[in-house]
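Residue strings, one per chain:
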Amino acid sequence: MFKSIKNDRMIQSVEPDTCFYIQNYAAVIAKKSLDLTVDPPPDLAIEIDKLTRI
């Protein structure tokens, strides 16, 4: 589980279950941790909501 991701370049924050770098992978591939004040936001963030209806 990731913490909330938000920076000035994003329209709204996300709390993804997983995220991926596609276009910007070269900027973050060797990093052990990310600082979104410096690093780009993920290109794809996936959040899964499971609803149970009776």
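This text goes with the structure placed above it.
Residues numbered from 1 in each chain as written. Predicted model: local features only at pLDDT ≥ 70, side-chain atom pairs only at ≥ 80, totals over all residues. Heavy atoms only, no water.

## Notes on the overall build of the protein
Then, in step 1: Scanning the protein from terminus to terminus reveals one helix and two strands.
Then, in step 2: In sequence order, the protein lays out its α and β elements as β-α-β.
Then, in step 3: Here the protein, with 54 residues, has 22% of them falling under the buried criterion.
Then, in step 4: Expressed as a percentage of contacts within the protein between residues at least 6 apart in sequence, the contacts between residues at least 24 apart total 40%. (Helix = DSSP H or I, 4+ residues; strand = E, 2+ residues; numbered from the N terminus. Buried < 20%, exposed > 50% of the residue type's maximum accessible area, 1.4 Å probe, protein only. Contact = heavy atoms within 4.5 Å.)

## Thoughts on the environment of aspartate 39
Then, in step 1: Tracing the sequence through the fold places aspartate 39 in the loop between α1 (25-28) and β2 (44-46).
Then, in step 2: Overall, the relative accessible area of 4% leaves aspartate 39 in the buried class.

## Let's talk about a nonpolar patch on the surface
Then, in step 1: A cluster of nonpolar residues, Phe20, Ile22, Leu44, Ile46 and Ile48, forms a patch on the protein surface that exposes about 460 Å² of accessible area.
Then, in step 2: Relative to the helices and strands, phenylalanine 20 is located in strand β1 (residues 18-20).
Then, in step 3: Take phenylalanine 20: its relative accessible area is 40%, and that puts it in the partly exposed class. (Patch = residues over 30% accessible without salt bridge, like charges linked within 9 Å, V, L, I, M, F, W, Y side chains within 5 Å. Areas by Shrake-Rupley, 256 points an atom, 1.4 Å probe, with all protein chains shown as cover. Salt bridge = Lys/Arg side-chain N within 4 Å of Asp/Glu carboxyl O.)

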